[in-house]
Amino acid sequence: AGPGNNGGDGFVLMRHLRVNGYNADLYYPVNDNKYNKTAQTNLNILNNLNIPLYDLSTLNNIDNYNIIIDALFGIGLKRNLSGIYKDIIEKVLDLCTGTATNALKIAVDISSGLVSDSSEAAECVFNADYTISFSTLKYCHTLYPAKKYSGNIITTNISIPDNIISQYKHDIFIDEYNKPALKKRPADSHKGTFGKVTLIGGNVEMAGAVKIAAVSAMHSGCGLITLCHPNTLDRNFISDIPEIMTKSFDYNEPALICDFINHSSTVYTIGN
């Protein structure tokens, strides 16, 4: 357990483990901590239950444990690990990449050494097999290279209200908190109502990208979709998707395709 709020999570976890009969030890920085009221309350509970707690500086037998739980630093960390905290993580990494132990490694919320709103990974990071993320995923859980230190991620509800979560920016992917406001389409609309998309590209043995782009346009709700491909490419490569029209052209006559774009497109994309 670390010197701040993530360490407080470790205190709560320690109480549940001991109360439920698990054999667990907790190490924390006895003389180097900045606990808020809630974390300090949970530390006091452990002391009142007479549960033995150990100074982090005495952790020299880490290879004796089957499970190592990282509650050192959470989403508040904005710097590289140093001092005893770096030493502890390096001990875990050395042991768990060698033959000394096959300990299961679990991170509380995020792996210590990661910055929650960044994809970057510092030189020293806890390399978790599992991460128990509180309420929502963080940037470091979804973006590489940081993601690879999180292992299998389990997002769990800890009763943070939705109105609090919704105050924070969610722009990695669509989830229940940032669903786009899609307009309802009129009943008498047709494909010409929703724009005319032209996709230019493809070649023999290189037709996949433009086909994927055309299918993506269709599933995104685009209207009239025309895939323009060179006449060296057989139209049959897109014949399994009848909603998409095709138009062949000669690479040596670019003026013809430019004229088609100017008169028949709301938006176009080009490339192989």
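Please refer to the structure placed before this passage.
Reference entry: report on the structure contained in this document. (Residues numbered from 1 in each chain as written. Predicted model: local features only at pLDDT ≥ 70, side-chain atom pairs only at ≥ 80, totals over all residues. Heavy atoms only, no water.)

Examining a negative patch on the surface
Consideration 1: Judged by side-chain charge, Asp87, Glu90, Asp94 and Glu123 come together as a negatively charged surface patch.
Consideration 2: Position of Asp94 relative to the elements: it lies in helix H3 (residues 83-96).
Consideration 3: Residue classification places Asp94 among the exposed residues on the basis of a relative accessible area of 57%. (Patch = residues over 30% accessible without salt bridge, like charges linked within 9 Å, V, L, I, M, F, W, Y side chains within 5 Å. Areas by Shrake-Rupley, 256 points an atom, 1.4 Å probe, with all protein chains shown as cover. Salt bridge = Lys/Arg side-chain N within 4 Å of Asp/Glu carboxyl O. Lys, Arg positive; Asp, Glu negative; His and termini not counted. Charge placed at Lys NZ, Arg CZ, Asp CG, Glu CD. Helix = DSSP H or I, 4+ residues; strand = E, 2+ residues; numbered from the N terminus. Buried < 20%, exposed > 50% of the residue type's maximum accessible area, 1.4 Å probe, protein only.)

Thoughts on helix H6 (residues 208-219)
Consideration 1: Its 12 residues place the ends of H6 17 Å apart at the C-alpha level, agreeing with the 16 Å of an ideal helix rising 1.5 Å per residue.
Consideration 2: Among all positions of H6, only Val210, Ala214 and Ala217 are buried. The buried residues of H6 occupy an angular sector of 60° when the element is viewed end-on, so they sit on one face. What points out from H6, more than 90 degrees from its buried face, is the exposed set Ile212 and His219.
Consideration 3: In this structure, the buried side of H6 is in contact with strand S7 (196-200) and strand S8 (224-230).
Consideration 4: Count one or two residues on from H6 and you reach Gly221, which has phi positive near 100°. (Expected span 1.5 Å × (residues − 1). Arc of directions from axis to C-beta. Contact = heavy atoms within 4.5 Å.)

Describing the layout of surface pockets
Consideration 1: Estimated volume of the second largest pocket: approximately 730 Å³.
Consideration 2: In this structure, the second largest pocket is lined by 28 residues; those nearest its centre are Asp25, Tyr65, Ile67, Ile68 and Ile69.
Consideration 3: Residue assignment for the lining of the second largest pocket shows that the elements contributing at least two residues are helix H1 (5-19), strand S1 (26-28), strand S3 (67-70) and H3.
Consideration 4: Of the residues contributing to the lining of the second largest pocket, the split by class is 22 nonpolar, four polar and two charged. (1 Å grid on protein atoms, 1.4 Å probe; cavity = no way out; pocket = protein on both sides within 12 Å on 5 of 7 lines; lining within 4 Å. Points joined across faces, edges and corners; volume = space filled by probe spheres on them. Nonpolar A, V, L, I, M, F, W, Y, C, P; charged D, E, K, R; others polar.)

Some thoughts on the sheet that holds S3
Pairing between the strands of a sheet is mediated by backbone hydrogen bonds and can be parallel or antiparallel.
Consideration 1: The strand order S3-S4-S5-S6 describes an open sheet built from four strands, whose pairing is parallel. In this open sheet, the two strands that pair with only one neighbour each are S3 and strand S6 (152-156). This sheet shows a mean twist of 20° between the axes of neighbouring strands, independent of strand direction.
Consideration 2: Of the pairings in the sheet, the one linking strand S5 (residues 130-134) to S6 comprises five bridges and is parallel in character. Counterpart to Ile132 in the pairing with S6 is Ile154. (Pairing = 2+ DSSP bridges. Axes fitted to C-alpha atoms, helices over the stretch in contact; angles between N-to-C directions.)

Considerations on unusual backbone geometry
Consideration 1: Of the consecutive residues Tyr144 and Pro145, the connecting peptide bond is found in the cis state with omega at 10°.
Consideration 2: Among the structural elements, Pro145 can be located in the loop between helix H4 (139-142) and S6.
Consideration 3: Phi at Asp109 is positive, roughly 75°, even though this residue is not glycine.
Consideration 4: Tracing the backbone through its elements, the reader meets Asp109 in the loop between strand S4 (104-108) and S5.
Consideration 5: Under the relative-accessibility criterion, Asp109 is labelled buried at 7%.
Consideration 6: Look at Ser159: it is not a glycine, yet its phi comes out positive at around 70°.
Consideration 7: With respect to the helices and strands, the residue Ser159 is situated in the loop between S6 and helix H5 (162-165).

Examining the sheet that holds strand S9 (residues 245-249)
Consideration 1: Taken together, the four strands give an open sheet; going across it, the order is S9-S8-S7-S10, and neighbouring strands pair in parallel fashion. For this open sheet the edge positions go to S9 and strand S10 (267-270), each flanked by a neighbour on one side alone. Across the sheet, the mean angle separating the axes of adjacent strands is 20° when strand polarity is ignored.
Consideration 2: Strand direction decides the pairing type here: S7 and S8, joined by five bridges, are parallel. What sits directly across from Val197, in S8, is Ile225.
Consideration 3: Of the strands in this sheet, S7 and S8 touch H6, which is tilted by about 175° from S8.

Examining the pattern of salt bridges
Consideration 1: Under the definition given, this model contains five salt bridges.
Consideration 2: Here Asp25 and Arg18 are joined by a salt bridge, their closest N and O atoms 3.8 Å apart.

Overview of a nonpolar patch on the surface
Consideration 1: A contiguous nonpolar surface patch, about 460 Å² in accessible area, is contributed by Leu13, Ile67, Ile69, Leu104, Tyr130 and Ile154.
Consideration 2: Tracing the backbone shows Leu13 in helix H1.
Consideration 3: Exposure remark for Leu13: the relative accessible area of 30% places this residue in the partly exposed category.

Quick look at the packing of aromatic side chains
The geometry of two aromatic rings is summed up by the distance between their centres and the angle between their planes.
Consideration 1: Applying the stated criterion to the full structure yields five aromatic pairs.
Consideration 2: An angle of 85° between the planes, with centres 6.5 Å apart, marks the rings of Tyr27 and Tyr65 as edge-to-face. Taken as a pair, Tyr27 in strand S1 and Tyr65 in the loop between strand S2 (53-55) and S3 lie far apart in primary sequence, 38 residues in all. Like Tyr27, the residue Tyr65 is buried in the burial classification. (Phe/Tyr/Trp six-rings, centres within 6.5 Å; stacked < 30°, edge-to-face > 60°.)

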